[in-house]
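Working through the structure, step by step
So you can see what is in the structure, the chains are spelled out below.
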Amino acid sequence: MLALGGCVTRETTIETEEQIRQVQANQSVVFGRIEWLEDGEKKKIGSGVFTMSLEPQLVRLEDRARINGEVNEGGRFAWPLEPGTYLMNKIAYRDPWSGNYFVTPKVAFAVLENGKTYYIGVLECDFERKRDFIGGLSGSVTCRTLDQSDQDYEYVEKKFAITGEDIEKSVMIHDTRLPGTVDTTAEFNLAMSIVNAILYGASQ
């Protein structure tokens, strides 16, 4: 876990049915959830400076655009995104005691077309944390992706009036071979090779 820095575009999570309709005129809506555990115990995700909060960063590999995606206090998100292949490059983690950090979840997903609603699943992150004598954090984060469409589709239907028949699955993939950054040509090419092989069946 390292200190966070950098400037990117930010997308707030969609909260209304009307926003969904407006977005789908030109983009697609991608929804899912992040679950954060600490030493195996599920934690509540907040949004203020005095709570633990998360903000994932996406990199669209086609043009390397960087997008910070907001999640709500339940860890849910519904982001307006253009078609492309997205790497979740990092997740900003705010600890109310010691400030900002980031983790590298090594996950990716695809948005194939405009005007669609995609479900990308649940990213579960389990943080085995250690706090030093001055309050600083260290430790390791284990990530995995889950398909919990049964309960998540029910939430989306109630909130946005979208039925399962109108949702396409594009569940995130997790691969530990993915690089921690895509800042160099070698890292970018490695990420493209792995993601293409898994998401699109291309040979590495």
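Report on the accompanying structure. Because the structure is a prediction, the values reported are computed rather than measured. (Residues numbered from 1 in each chain as written. Predicted model: local features only at pLDDT ≥ 70, side-chain atom pairs only at ≥ 80, totals over all residues. Heavy atoms only, no water.)

Moving on: the pairing of strand β5 (residues 65–69). Bridge count for strand β1 (residues 9–11) against β5 is three bridges, and the pairing is parallel. Paired with Glu 11 across the strands is Gly 69, a residue of β5. Bridge count for strand β4 (residues 53–60) against β5 is four bridges, and the pairing is antiparallel. If you follow Val 59 over to β5, its bridge partner there is Arg 66. Between the antiparallel neighbours β4 and β5 lie four residues, among them Arg 64 with a positive phi of about 60°. (Pairing = 2+ DSSP bridges. Helix = DSSP H or I, 4+ residues; strand = E, 2+ residues; numbered from the N terminus.)

Now for the pairing of strand β8 (residues 99–103). On any regular strand, side chains alternate: one points to one face of the sheet, the next to the other face. Of all five residues in β8, four are buried; the element is thus mostly enclosed. Note that strand β7 (residues 84–95) and β8 share five bridges and pair antiparallel. Residue pairing across strands places Ala 92 opposite Phe 102, the latter belonging to β8. Between β7 and β8, which follow one another and run antiparallel, lie three residues. (Buried < 20%, exposed > 50% of the residue type's maximum accessible area, 1.4 Å probe, protein only.)

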